[in-house]
Amino acid sequence: IPHSMVAVDITDAEHEKWFGMYKYDIPVLHINGIYWAKHRLETADAVTALRAASDGTFEAQKGEPNAAKFEKEKGATSKV
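Here goes a summary of the coordinates provided.

Conventions used here
Residues numbered from 1 in each chain as written. Predicted model: local features only at pLDDT ≥ 70, side-chain atom pairs only at ≥ 80, totals over all residues. Heavy atoms only, no water. Core = buried A, V, L, I, M, F, W, Y, C linked by side-chain atoms within 4.5 Å. Buried < 20%, exposed > 50% of the residue type's maximum accessible area, 1.4 Å probe, protein only. Helix = DSSP H or I, 4+ residues; strand = E, 2+ residues; numbered from the N terminus. Contact = heavy atoms within 4.5 Å. Salt bridge = Lys/Arg side-chain N within 4 Å of Asp/Glu carboxyl O. Pairing = 2+ DSSP bridges. Polar contact = N/O pair within 3.5 Å; in protein donor to acceptor, adjacent residues only side chain to side chain. Patch = residues over 30% accessible without salt bridge, like charges linked within 9 Å, V, L, I, M, F, W, Y side chains within 5 Å. Areas by Shrake-Rupley, 256 points an atom, 1.4 Å probe, with all protein chains shown as cover.

Of all hydrophobic cores here, the largest spans 9 residues; its members are Leu29, Ile31, Trp36, Ala37, Ala46, Ala49, Ala52, Ala53 and Phe58. Elements supplying a minimum of two residues to this core: β1 (28-31), β2 (34-38) and α2 (43-55). When near neighbours in sequence (up to four residues on either side) are disregarded, Ala49 contacts Ile31, Trp36 and Phe58.

Turning to the pattern of salt bridges, a few remarks are in order. Taken as a whole, this structure holds 1 salt bridge when the rule is applied. Residues Glu71 and Lys23 are paired through a salt bridge, measuring 3.2 Å at the closest nitrogen-oxygen approach. You can see Glu71 sitting in helix α3 (residues 67-78) and its partner Lys23 sitting in the loop between α1 (16-22) and β1, a full 48 residues away along the chain. On the accessibility criterion, Glu71 (31% relative accessible area) is partly exposed.

Quick look at the pairing of β1 now. Going residue by residue along β1, you find Leu29 and Ile31 tucked away on one face and Val28 and His30 left uncovered on the opposite face. Here β1 folds back onto β2 in antiparallel fashion, the turn holding 2 residues, of which Asn32 has a positive phi close to 55°.

In this structure, His15 sits in the segment before α1. A polar contact is formed between the side chain of His15 and the backbone oxygen of Asp9, at a distance of 3.3 Å. Discounting chain neighbours no more than four positions away, the residues touching His15 are Val8, Asp9 and Ile10.

Below, the discussion takes up the pairing of β2. Across 4 bridges, the pairing between β1 and β2 is antiparallel. In the strand pairing of β2, Ile31 is matched with Ile34.

A cluster of nonpolar side chains, Val6, Val8 and Trp18, forms an exposed patch at the surface whose accessible area comes to about 270 Å². Looking at where Val8 falls in the secondary structure, it is placed in the segment before α1. In this structure Val8 comes out as partly exposed when scored by relative accessible area, which is 35%.

And the structure:
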């Protein structure tokens with residue numbers, strides 16, 4: 001399945017939003033700009049996702065991390 005992979009340094013200033021979201025869950029993978037997976041993946045899952053992207057049926061997966069949201073909620077909870 002033809003594809004390309006781009007590594008992004010989330011600590012670069014232009015990726016501040018991604019750093020805020022993903023700093024505790026590296027690596028995070030997107031396909032065509034859509035959240036796909038974090039931490040680990042299996043070859044069969046990668047093939048399935050890339051085929052779905054190729055035929056236009058790929059959808060965002062559940063569980064996209066958001067550290068900033070977690071920290072905000074945790075901070076709000078601990079102040080109570």
